[in-house]
Amino acid sequence: MPSPLTPSSGAADIRVGLAGFGPAGSFFHAPLIAATPGLRLSAVVTRDPGRAARVRAEHPGAEVVASAEDLWDACDLVVIATPNRTHVPLATEALKAGLPVVVDKPLAGAADEARDLVRLAHDRGLMLTVFQNRRWDGDFLTLRHLLPELGEIRRFESRFERWRPVPKGGWREAGGPEDVGGTLFDLGSHLVDQALTLFGPVTHVYAETDVRRAGIRNDDDAFVALTHRSGTRSHLWMSAVAGQLGPRLRVLGSRAAYVKWGLDPQEERLRAGERPGPADFGRGTEQSGSWGTEPPERWGTLGVEGDVRPVRTEAGAYQRFYEGVVACLRDGAPPPVPAEEAVATIAVLEAARLSASLGQVVPVPAHGDRLGE
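Residues numbered from 1 in each chain as written. Predicted model: local features only at pLDDT ≥ 70, side-chain atom pairs only at ≥ 80, totals over all residues. Heavy atoms only, no water.

Caption draft 1: Geometry of the sheet that holds strand β4 (residues 77–80). The six strands lie next to each other as β3-β2-β1-β4-β5-β6, forming an open sheet whose pairing is parallel. Either end of the sheet is taken by a strand with one partner, and the two such strands are β3 (63–65) and β6 (128–131). Geometrically, the sheet is characterised by an average inter-axis angle of 25 degrees between neighbouring strands, direction not taken into account. Summarising the sheet, strand β5 (residues 101–104) and β6 pair through four bridges and their orientation is parallel. Bridge assignment links Val103 to a residue of β6, and that residue is Val130. (Pairing = 2+ DSSP bridges. Helix = DSSP H or I, 4+ residues; strand = E, 2+ residues; numbered from the N terminus. Axes fitted to C-alpha atoms, helices over the stretch in contact; angles between N-to-C directions.)

Caption draft 2: How the structure looks around the nonpolar core. Residues Leu143, Leu150, Phe156, Val205 and Val224 are the most contacted members of the largest nonpolar core, which totals 41 residues. Breaking this core down by element, the ones donating at least two residues are α5 (138–150), β7 (153–161), α7 (183–199), β8 (202–210), β9 (221–228), β10 (233–239), β11 (249–253) and α10 (339–358). Among the elements that take part in this core, α7 stands out by supplying nine residues, more than any other. For Val224, the contacting residues outside a window of four places in its chain are Leu184, Val205, Tyr206, Ala207, Ser234, His235, Leu236, Met238 and Ala352. By size, the runner-up hydrophobic cluster in this structure holds 33 residues, among which are Ala24, Leu32, Leu39 and Val337. (Core = buried A, V, L, I, M, F, W, Y, C linked by side-chain atoms within 4.5 Å. Buried < 20%, exposed > 50% of the residue type's maximum accessible area, 1.4 Å probe, protein only. Contact = heavy atoms within 4.5 Å.)

Caption draft 3: Region of interest: the pattern of salt bridges. Applying the stated criterion to the full structure yields 25 salt bridges. With a shortest N-O distance of 2.3 Å, Asp116 and Arg119 are connected by a salt bridge. Highlighted residues: Asp116 and Arg119, both in helix α4 (residues 111–124), separated by three residues, approximately one helical turn. Residue Asp116 is classed as partly exposed on the basis of its relative accessible area, which comes to 44%. Assessed through its relative accessible area of 46%, Arg119 is described here as partly exposed. Note that Glu267 is salt-bridged to Arg134, the shortest N-O span being 2.7 Å. A residue pair is termed long-range when its members are at least 10 positions apart, and Glu267 in helix α8 (residues 266–271) and Arg134 in the loop between β6 and α5 qualify at 133 residues. The pair Glu267 / Arg134 is uniform in exposure class, with both members buried. Salt bridges sharing common partners tie together Arg155, Glu157, Arg159, Glu161 and Arg250. (Salt bridge = Lys/Arg side-chain N within 4 Å of Asp/Glu carboxyl O.)

Caption draft 4: Representation of the sheet that holds β10. Here nine strands make up an open sheet; going across it, the order is β14-β13-β12-β11-β7-β10-β9-β8-β15 and the pairing mixed. Single-partner strands in this sheet number two, and they are β14 (307–311) and β15 (362–363). Bridging between β11 and strand β12 (residues 257–260) involves four bridges; their strand directions are antiparallel. From the neighbouring strand, Val251 faces β12, where its bridge partner is Tyr258. Contacts from α5 reach β7, β11, β12, β13 (300–304) and β14, with the element oriented near 165 degrees to β12. Contacts from α10 reach β8, β9 and β15, with the element oriented near 55 degrees to β8.

Caption draft 5: The environment of His190, seen in detail. On the secondary structure map, His190 appears in helix α7. A relative accessible area of 7% means that His190 is categorised as buried. C-alpha of His190 to C-alpha of Pro83: the two residues are 107 residues apart in sequence and 17 Å apart in space. Setting aside chain neighbours within four positions, we find His190 in contact with Lys105, Gln132, Asn133, Arg134 and Phe160.

Caption draft 6: Quick look at the pairing of β14. Of the strand pairs in this sheet, β13 and β14 are connected by five bridges, and their pairing is antiparallel. Its bridge partner lying in β14, Val304 is registered against Asp307. Connecting the antiparallel pair β13 and β14 is a turn made up of two residues, with Gly306 showing a positive phi of about 90 degrees.

Caption draft 7: Structural view of the packing of helix α3 (residues 87–96) against α4. Following both chains from N to C, one finds α3 and α4 inclined at 10 degrees, their axes separated by 10 Å at the closest point. Between α3 and α4, the crossing angle belongs to the class labelled roughly parallel. Taken together, the residues of α4 that come into contact with α3 (itself represented by Val88, Ala91, Thr92, Leu95 and Lys96) are Glu113, Leu117, Leu120, Ala121 and Arg124. Here the residues of the contact of α3 with α4 sort into six nonpolar, one polar and three charged. (Parallel < 35°, antiparallel > 145°, perpendicular 65-115°, else oblique. Nonpolar A, V, L, I, M, F, W, Y, C, P; charged D, E, K, R; others polar.)

Caption draft 8: Seen up close, a negative patch on the surface. A cluster of acidic residues, Glu63, Glu69, Asp70 and Glu93, forms a negative patch at the surface. In this fold, Glu63 is placed in strand β3. (Patch = residues over 30% accessible without salt bridge, like charges linked within 9 Å, V, L, I, M, F, W, Y side chains within 5 Å. Areas by Shrake-Rupley, 256 points an atom, 1.4 Å probe, with all protein chains shown as cover. Lys, Arg positive; Asp, Glu negative; His and termini not counted. Charge placed at Lys NZ, Arg CZ, Asp CG, Glu CD.)

Caption draft 9: Inspection of the packing of aromatic side chains at higher detail. One pass over the structure, following the stated rule, counts seven aromatic pairs. Relative to Trp237, the ring of Phe223 lies with its centre 5.2 Å away and its plane at 50 degrees, an arrangement referred to as tilted. You can see Phe223 sitting in strand β9 and its partner Trp237 sitting in strand β10, a full 14 residues away along the chain. Relative to Tyr322, the ring of Phe321 lies with its centre 5.0 Å away and its plane at 90 degrees, an arrangement referred to as edge-to-face. One aromatic cluster in this structure is built from Phe28, Phe131, Trp136, Phe321 and Tyr322. In this structure, Arg159 is placed above the aromatic ring of Trp237, and the distance from its NZ or CZ to the ring centre is 3.9 Å. (Phe/Tyr/Trp six-rings, centres within 6.5 Å; stacked < 30°, edge-to-face > 60°. Lys NZ or Arg CZ within 6 Å of the ring centre and 35° of its normal.)

See the structure below:
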């Protein structure tokens, strides 16, 4: 368990240094950090003049710095929202500098690299957590509460699909293997994490990955089938080329099924410049604000053929992640996403990548073992 943090110079708030102000940093991390009681965005790393101007306009109290090394002496917590290939080296440097770290997903491109980070954080007594924000999607929170009504879960179907026939460019689509791009490690990080959180460890993986659009190098269409030790089978789709989207969730149990269409609204609201308000915070209390709520026409349905009823979607709550970070650093509470769980997700994604290349089912290594042993 990491030791509670005592901020430098008796500061009232935990000073946060944010490395990266691309989509992840600007739309997700910076607004949520700024909205969270107990945190203060003190510095942002970006060399892009346009992004620097946005930082100064949207977060006037934050200093713009040129490199991550400029954060080590200027903050109490480092958040890494840089391109995937830099997650491991930057997190390693921050931990060696004695700083707790939040890393955007995926934690790493290989399970061994992720395990090394976990060991380093443990040895230094520092918090290491991963921004798996989709654990606080409203549909996911709703499903967790509905599981007893569904009975034994036989199949869990989950999708993150988009229609982007023209590539946007950038490292996620055009980069090489070292960039850890593609839908499998991008959207798949969320889908696999949710499946593991709900149904536990995986014994075997089968995957298919394809490059459907011209001019890109990384997979833009993928399917992953997981066999859980519990007996549940998870079927996961991630795609940038879905002309018509499938249901976000379709969960088949021995007593009932739950079907939900449409994405959680929080990303859309963050991209539009909205933030959770004071009423949306309060650890251990019922959510009283309007953040993350869905209109009734977007609710899912529960039941069996001929007897189906709508179920109110719980309010999504991405703010709970950074509330959990504050509780971990101030009070010694567990981190909001244990890094060991992120390692398990990377191990499954590694197995999926191997499965797709071989065209066959691949066993997932037991904890601590290496793929192929």
